[in-house]
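Summary of the model geometry
Below, each chain spelled out in residue letters.
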Amino acid sequence: MLVVLLAALTAWAAPVTVLALIVFGAARLWRSALVAVAVLLLVLAWQRPFPHGSGDPPGSTVALTVMTQNVLFGEADPDALVSRVRSARPDVLVLTELTPQGVAAFDAAGLASALPYRYLAPDGGATGTGLYAATPLSRTRPIEGTWFNAVEAVVQVQGHPVTVAGVHPVTPYSPRWATDHELLVERLGPRVRAGETLVVAGDFNATQYNAPFARLLDAGFVDAGQTRLWAWQQPSWPIGGIADGPLTSRVPPLIRIDHVLAPRGAGVESVSTAHLPGTDHAGVVARVRLPLG
């Protein structure tokens, strides 16, 4: 577990090393500063913290806006969630930790009118997952085998079918964590490599530096958030939420474990995060351009 947490925090290696370099330079500790420069160069070469994988892919494309939000056992603020949805205007919304009570509360707040089409697998605790969409869904089905519910459906985007999957691998505290990621690699990797237009979103409980999630990226996906200027930007967890209080509400999120994955070669127009009251995860909104054919 310690190794998993350290790997998840790897994104902070670059800013911490820059800070050390500044301190060593100010103290005229030139040898230490030289070591810090060498470490920084190694970190930059490994992390590639500059824009990559973004921009318009060649040929015809369609644009899709996807939002993913962990709603913390269905306890996220319903009015704030609906307001966020109306502002972001996603084509597809993925909710994780979706409970039957949460479904009712979100619909009462107006989610049913904002995104009238859905394929939901709500459940107690953290298990439930759901897909909401602005246009009709077809070929709805569960992704069997993961510990928490995972679902997928096809949405038509400008007349082109796009499969969207909502997933939620268990936390690293569970021995099922790596197994859940490997199952997604086995089930989704061959499909995206075969050319299916497949977008996967949710709370992955992992960063791009955790090996099981990295293997999912290697299977044929690009992480929309990783295409931004710095790999450590746009963190989504932890923020307030169940432990909300004078201290935790002021602690910024440290790592990005909520992701939107697009097929390799897709373009990324924008990625943003926003805190939603009542949950410890920021929501992620990504607008991607998906190549056709």
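Residues numbered from 1 in each chain as written. Predicted model: local features only at pLDDT ≥ 70, side-chain atom pairs only at ≥ 80, totals over all residues. Heavy atoms only, no water.

**Concerning unusual backbone geometry**
To keep it simple, the criterion reads: In this description a helix means any DSSP run of H or I spanning at least four residues, a strand means any run of E spanning at least two, and both kinds are numbered starting from the N terminus. Only protein chains enter the area calculation, which uses a 1.4 Å probe; residues under 20% of their type maximum are buried, those over 50% are exposed, and those in between are partly exposed.
The amide bond that connects Trp237 to the next residue, Pro238, takes the cis arrangement and shows omega of -5°. Secondary-structure assignment places Pro238 in the loop between β9 (221-223) and β10 (258-263). One non-glycine residue, Leu72, lies in the positive phi region at around 50°. You can call Leu72 buried: its relative accessible area is 7%. Positive phi outside glycine occurs at Arg89, with the angle close to 50°.

**Overview of the pairing of strand β4 (residues 129-133)**
Cut-off, in case you're wondering: Two strands form a pair only when DSSP identifies at least two bridges running between them.
With five of five residues buried, β4 is to be regarded as a mostly interior element. By the alternation rule, side chains of β4 split into Thr129, Leu131 and Ala133 and Gly130 and Tyr132, which are all buried. Of the pairings in the sheet, the one linking strand β2 (residues 92-96) to β4 comprises five bridges and is antiparallel in character. In the strand pairing of β4, Leu95 is matched with Gly130. Pairing of strand β3 (residues 117-121) with β4 involves five bridges; the strand directions are antiparallel. Residue pairing for β4: Tyr117 is matched across the bridge by Ala133.

**Focus: the nonpolar core**
Quick note on the threshold: Put simply, buried Ala, Val, Leu, Ile, Met, Phe, Trp, Tyr and Cys residues joined by side-chain atoms within 4.5 Å make one nonpolar core. Should any heavy atoms of two residues lie within 4.5 Å, those residues are considered in contact.
In terms of nonpolar packing, the biggest core is built from 28 residues, with Leu64, Val162, Val260 and Leu290 touching the most fellow members. Those residues in contact with Leu64, other than ones at most four positions away along the chain, are Asp91, Val92, Val157, Val162, Val164, Val199, Ala286, Arg287, Val288 and Leu290. Ranked by size, the runner-up nonpolar core spans 23 residues in total, among them Ala126, Ile143, Leu184 and Leu198.

**Examining a nonpolar patch on the surface**
Counted only if it meets this: Each patch is built from salt-bridge-free residues with over 30% relative accessible area, joining like charges within 9 Å and nonpolar side chains (Val, Leu, Ile, Met, Phe, Trp, Tyr) within 5 Å. Here the open area of atoms and residues is found with the Shrake-Rupley method and a 1.4 Å probe, where only the protein chains shown may cover a residue. Here, a salt bridge means any Lys or Arg side-chain nitrogen found within 4 Å of an Asp or Glu carboxyl oxygen.
Taken together, the side chains of Leu34, Val37 and Leu41 present a nonpolar region at the surface, about 290 Å² in accessible area. With respect to the secondary-structure elements, Leu41 resides in helix α3 (residues 30-47). Residue classification places Leu41 among the exposed positions, given a relative accessible area of 55%.

**Describing the side chain of Thr146**
Tracing the backbone through its elements, the reader meets Thr146 in the loop between β5 (137-142) and β6 (151-157). Given the relative accessible area of 14%, Thr146 is considered buried.

**Some remarks on helix α4 (residues 78-88)**
Rules: Read the arc as the range of directions from the helix axis to the C-beta atoms.
All buried positions along α4 are accounted for by Leu81, Val82, Arg84, Val85 and Ala88. End-on view of α4: buried residues confined to an arc of 160°, all on one side of the axis. Facing away from the buried surface of α4 by more than 90 degrees, the exposed residues are Asp79 and Ser87. Considering only its buried residues, α4 is in contact with β1 (61-70), β2, α5 (100-108), α6 (111-114), β11 (267-275) and β12 (282-291).

**A few points about the sheet that holds β5**
The line we're drawing: Axis definition: a line fit to C-alpha positions, over the contact stretch in the case of helices; interaxial angles, taken between N-to-C directions, run 0 to 180 degrees.
Strand order in this open sheet of six strands is β5-β6-β7-β8-β10-β9, and the pairing throughout is mixed. The open sheet has two edge strands with one neighbour each: β5 and β9. Sheet twist, expressed as the mean angle between neighbouring strand axes with direction ignored, is 20°. Relative to strand β7 (residues 160-167), β6 is paired through seven bridges, and the arrangement is antiparallel. Note that in β7 the partner of Gln156 across the bridge is Pro161.

**Overview of the sheet that holds β1**
In spatial order, the strands read β3-β4-β2-β1-β12-β11; together these six strands make up an open sheet with mixed pairing. Strand pairing shows two members of the sheet lacking a second neighbour, β3 and β11, which therefore form its edges. Strand-to-strand twist in this sheet, taken as the mean axis angle between neighbours without regard to direction, amounts to 15°. Packed on one face of the sheet, α4 meets β1, β2, β11 and β12 and runs near 165° to β1. Along the sheet face, α5 touches β2, β3 and β4 and points at about 160° away from the line of β3.

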